[in-house]
Amino acid sequence: MDEAAVRDRLRSVEDPELGDDIVSLGLINEITVEGDTVDIDLALGAPYSPTESDIAAEIRRLLEGEGLEPDLSASIPDRDDFETDEQVLPNVKNIIAVASGKGGVGKSTVAVNLAAGLSQLGARVGLFDADIYGPNVPRMVDADEPPMATEDETLVPPEKYGVKLMSMAFLTGKDDPVIWRGPMVHKVITQLTEDVEWGHLDYLVVDLPPGTGDTQLTMLQTMPVTGAVIVTTPQDVALDDARKGLEMFAKHDTVVLGIAENMSTFACPDCGGEHDIFGSGGGEEFAETHDMPFLGSIPLDPAVREGGDGGQPTVLDDDSETGDALRTLTQNVANNTGIVHRQGVSQGRQHDTPSLDQ
């Protein structure tokens, strides 16, 4: 079977999210046939996302059914202005910013569980706690080992749950307040990203501070952010501030991967009833109103607080309904990351930020 015949066979493999076959969508970078071995480079950019894993599995089944041995690889053509010889974090495939318009909505909880969930899927993951003024990620993963320094004065991040960690909390005293103006924030954000031995990562999850201040602007102006997750609660006050975050990312042409609704229905363990303490359905309605993907609802569950205080991400609890909700959110983030890349390739926008349609 030659290249043309293999390509023709691959027309039967559908991309369920883009609604066409992978050949018509232009998701085949290259096909090389040597005997019974077929090397295929695919334009897939979200490692271990369920959808892209299914696409790869379908290709393997198809070609193995033809008596061939498929060898699959994945790469995304350079598609934005960040990808130059001096690109920031060139070995990081995807940078996912987790943001919120206001504090107290569980943004860091979502960031920690997202990172741990992606690692659980099999991805190589880093977690950067960019909340300079209130860094608490190390506590939430029970990490008290500080980063090591190399001879070149770069930092080697500690690991927990398979996730490489970096946080301002590693570099300051436990109770020391951080009182900095904008220029210092810019400097430390740059150092804690560029001067860290992150290695090769599939995803770097960045826990941004709440609001739309200096840290957020620094990240968006200096780093090739793949997309953002906006965390809110169902209540109107949180949704009002979530709109500000949405506008911030829009002004910087950053794709919003979706809206995560935290602290939704509370299932009372005593009475057995469900209580909408912060309202109901606000996050999903917000996503629909703004034509954004809805990533899922996370219940108001004491186990999440206990896991955060005790350093045990709830997403790793296989017997928990809240763990199921967090795993669903993780999968949706990974899938939507893949959509961003595949749309960009399919539409030929190598220097434009693609939109993320539902």
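Since the structure is predicted, the reported quantities are computational estimates derived from the model, not experimental observations. Counting restarts for each chain: residues are numbered from 1 in the order of the written sequence. At least 70 in pLDDT is required for a residue's local features to be given in this predicted model, at least 80 for side-chain atom pairs to be given and counted, and no such filter applies to totals for whole chains, interfaces and linings, which use all residues. Hydrogens are left out, water is left out, and the side-chain values use all remaining heavy atoms of the structure.

Trainee: What am I meant to see in the packing of helix 3 (residues 107–121) against helix 10 (residues 321–346) here?
Mentor: Helix-helix packing is characterised by the crossing angle of the two axes and by the distance between the axes. The N-to-C vectors of helix 3 and helix 10 enclose an angle of 75°; their axes lie 9 Å apart at closest approach. The angle between helix 3 and helix 10 places the two elements in the roughly perpendicular class. Taking contact as the criterion, the partners of Val110, Asn113, Leu114, Gly117, Leu118, Gln120 and Leu121 in helix 3 are, on helix 10, Leu326, Arg327, Leu329, Thr330, Val333 and Ala334. Taken together, the residues that form the contact of helix 3 with helix 10 break down as 8 nonpolar, 4 polar and 1 charged. Note on method: axes are straight lines fitted to C-alpha atoms, helices fitted across the in-contact stretch only, with angles between N-to-C directions ranging 0 to 180 degrees. Strands here mean DSSP runs of E at least two residues long; helices mean DSSP runs of H or I at least four residues long; both are numbered from the N terminus. By the definition adopted for this analysis, an angle is roughly parallel if under 35 degrees, roughly antiparallel if over 145, roughly perpendicular if from 65 to 115, and oblique otherwise. Between two residues, a contact is recorded if the distance between any of their heavy atoms is within 4.5 Å. Three residue categories are used. Nonpolar comprises Ala, Val, Leu, Ile, Met, Phe, Trp, Tyr, Cys and Pro, charged comprises Asp, Glu, Lys and Arg, and polar comprises the others, including Gly.

Trainee: Just to check I follow, could you spell out the side chain of Arg327 for this structure?
Mentor: Within the fold, Arg327 resides in helix 10. Given a relative accessible area of 16%, Arg327 falls into the buried group. With residues near it in sequence (within four places) discarded, Arg327 still touches Gln120, Val315, Leu316, Asp317, Asp318 and Ser320. Using a 1.4 Å probe on the protein chains alone, a residue whose accessible area is under 20% of its type maximum counts as buried, one over 50% counts as exposed, and one in between counts as partly exposed.

Trainee: Quick question: what am I supposed to make of helix 3 here?
Mentor: Every helix has an expected span of 1.5 Å times one less than the residues it contains. Here helix 3 contains 15 residues, and its C-alpha end-to-end distance of 21 Å stays within 8% of the 21 Å for a straight helix at 1.5 Å per residue. Positive phi appears at Gly122, one or two residues downstream of helix 3, with a value of about 120°.

Trainee: I'm lost on the sheet that holds strand 5 (residues 69–74) in this one. Help?
Mentor: Strand pairing within a sheet occurs via backbone hydrogen bonds; the two strands may be parallel or antiparallel. Spatially, 3 strands are ordered 3-4-5 in an open sheet, and the strand pairing comes out mixed. If you trace the sheet from one side to the other, it starts and ends with strand 3 (28–34) and strand 5, each paired once. The average undirected angle you get between the axes of adjacent strands in this sheet is 15°. Bridging between strand 3 and strand 4 (residues 37–42) involves 6 bridges; their strand directions are antiparallel. Looking across to strand 4, one finds that Glu30 is bridged to Asp41. On top of the sheet, helix 2 (residues 50–65) reaches strand 4 and strand 5; it is set at about 155° to strand 5, its chief contact. A pair of strands is considered paired only if DSSP assigns at least 2 bridges between the two.

Trainee: How should I be thinking about the nonpolar core in this particular structure?
Mentor: Generally speaking, soluble globular proteins have nonpolar side chains that are buried together. To qualify as a nonpolar core, a set must consist of buried Ala, Val, Leu, Ile, Met, Phe, Trp, Tyr and Cys residues joined through side-chain atoms within 4.5 Å. Grouped together as the largest cluster of nonpolar side chains are 72 residues, with contacts concentrated most on Leu127, Phe128, Leu204 and Phe249. The element that contributes the greatest number of residues to this core is helix 3, accounting for 7 residues. Counting residues in hydrophobic clusters, the runner-up holds 21 residues, among them Leu10, Val23, Ala43 and Leu68.

Trainee: Can you help me understand the packing of helix 2 against helix 10 in this one?
Mentor: It is at 7 Å that the axes of helix 2 and helix 10 come closest, and there the two elements cross at 65°. One element, helix 2, and the other, helix 10, form an angle in the roughly perpendicular class. Of helix 10, the residues touching helix 2 (which contributes Pro50, Thr51, Glu52 and Ile55) are Gln331, Asn335, Gly338 and Arg342.

Any link to function would need more than the numbers given here.
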